[in-house]
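Structural overview
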Amino acid sequence: QTKQSGVCSSGNNLNDLSISEVYDSVANNSWYMELYNPTGTAINLDAAGADYKLVRYGDIGTTTGLRSVDISGIIPPGGVYLADIGSDKKKRNEINEKDEIRLTKNDVTGDIVHYPNEKGYTIRRNALATGPSATYNGADWTLLLNETCANLDIVPFSATSSLPTVNANTGDYGVCGTRASFV
């Protein structure tokens, strides 16, 4: 019989639905936002009392949203949600340089990303970033000034486990603040 106690790192510092990547393509006239569920529970974007939206603010720091997009579906634990926000020309033309996009729940900002003064880029949340955060921190993001969608719709962070390894030697081994007792 094996008993485990303690808590180990999940591999990232995110604790709720978060913006994980943004892709802006001038060449393909498209714009995507990826959301990541770092929790151990599915997030139902349509659940009662959970009104999730992506809200575009015209310029960084603007206090009034110009356009909101309701998002719906269920994001599994550790899964991603890919929002196609601008694959047609009309929608795409509304996304500009230096925009601010917020992920809201019940009209309260949960996460935020700022767009560079560029066209055609990829923005990825860094693995060691904390969040979600209603305050933008540029150090939490990596900006690629080339159009690459290679990582879109792929879980951005790998979960890690530091639980002890069972071997032929019996005894107590402490790793990552976890104790495994072999009885």
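Residues numbered from 1 in each chain as written. Predicted model: local features only at pLDDT ≥ 70, side-chain atom pairs only at ≥ 80, totals over all residues. Heavy atoms only, no water.

What follows deals with the overall build of the protein. For the protein, the count of helices and strands is one helix and 16 strands. The contacts in the protein between residues at least 6 apart in sequence include a share of 64% that link residues at least 24 apart. Of the roughly 9600 Å² that the protein leaves accessible, carbon and sulfur atoms contribute 49%. (Helix = DSSP H or I, 4+ residues; strand = E, 2+ residues; numbered from the N terminus. Contact = heavy atoms within 4.5 Å. Areas by Shrake-Rupley, 256 points an atom, 1.4 Å probe, with all protein chains shown as cover.)

Grouped together as the largest cluster of nonpolar side chains are 23 residues, with contacts concentrated most on Val22, Met33, Leu35, Val113 and Tyr115. Residues in contact with Val113, not counting those within four places in the same chain, are Ile19, Val22, Met33, Asp99, Glu100, Ile101, Ile123, Tyr136 and Trp141. (Core = buried A, V, L, I, M, F, W, Y, C linked by side-chain atoms within 4.5 Å. Buried < 20%, exposed > 50% of the residue type's maximum accessible area, 1.4 Å probe, protein only.)

This brings us to the side chain of Thr122. Within the secondary structure, Thr122 sits in strand β12 (residues 121–125). Among residues more than four places away in sequence, those in contact with Thr122 are Glu21, Val22, Tyr23, Thr142, Leu143, Leu144, Asn146, Glu147 and Thr148.

With that out of the way, let us pick up the environment of Leu54. Here Leu54 lies in strand β6 (residues 52–57). Leu54 sits 21 residues away from Met33 along the chain, and the two C-alpha atoms are 9.2 Å apart.

With respect to topology, four strands assemble into an open sheet ordered β7-β6-β10-β11, the strand pairing being antiparallel. One side of each edge strand has no neighbouring strand; the edge strands of this open sheet are β7 (67–70) and β11 (108–114). Neighbour to neighbour, the strand axes of the sheet diverge by 25° on average, direction disregarded. Bridge analysis of β6 against β7 gives four bridges, and the strand direction is antiparallel. Considered in β7, the bridge of Leu54 is made with Val69. (Pairing = 2+ DSSP bridges. Axes fitted to C-alpha atoms, helices over the stretch in contact; angles between N-to-C directions.)

This paragraph deals with the sheet that holds β12. Here we have five strands laid out as an open sheet, ordered β9-β4-β3-β12-β14, and antiparallel in their pairing. On the outer flanks of this sheet lie β9 (80–84) and β14 (141–144), each paired with one strand and no other. Pairwise comparison of adjacent strand axes, ignoring direction, gives a mean angle of 15° for this sheet. Across seven bridges, the pairing between strand β3 (residues 18–25) and strand β4 (residues 30–36) is antiparallel. When the sheet's bridge partners are listed, Val22 is paired in β4 with Met33.

In the predicted model, the protein carries a mean pLDDT of 75, and 72% of its residues have values of at least 70. Low confidence marks residues 89–93, where pLDDT is under 50. Its contacts with residues over four positions away, or in another chain, come to 11 contacts. Here residues 159–165 scores under 50 on pLDDT; set against residues more than four positions off or in separate chains, the count is 13 contacts. (pLDDT = per-residue confidence, 0-100.)

Under the counting rule described, the total for this entry stands at three aromatic pairs. Pairing Tyr115 with Tyr121 gives two aromatic rings, centres 5.9 Å apart and planes at 55°, and the pair type is tilted. In this structure, Tyr115 and Tyr121 share a single accessibility class: buried. Taken together, the ring pairs connect Trp31, Tyr115 and Tyr121 into an aromatic cluster. (Phe/Tyr/Trp six-rings, centres within 6.5 Å; stacked < 30°, edge-to-face > 60°.)

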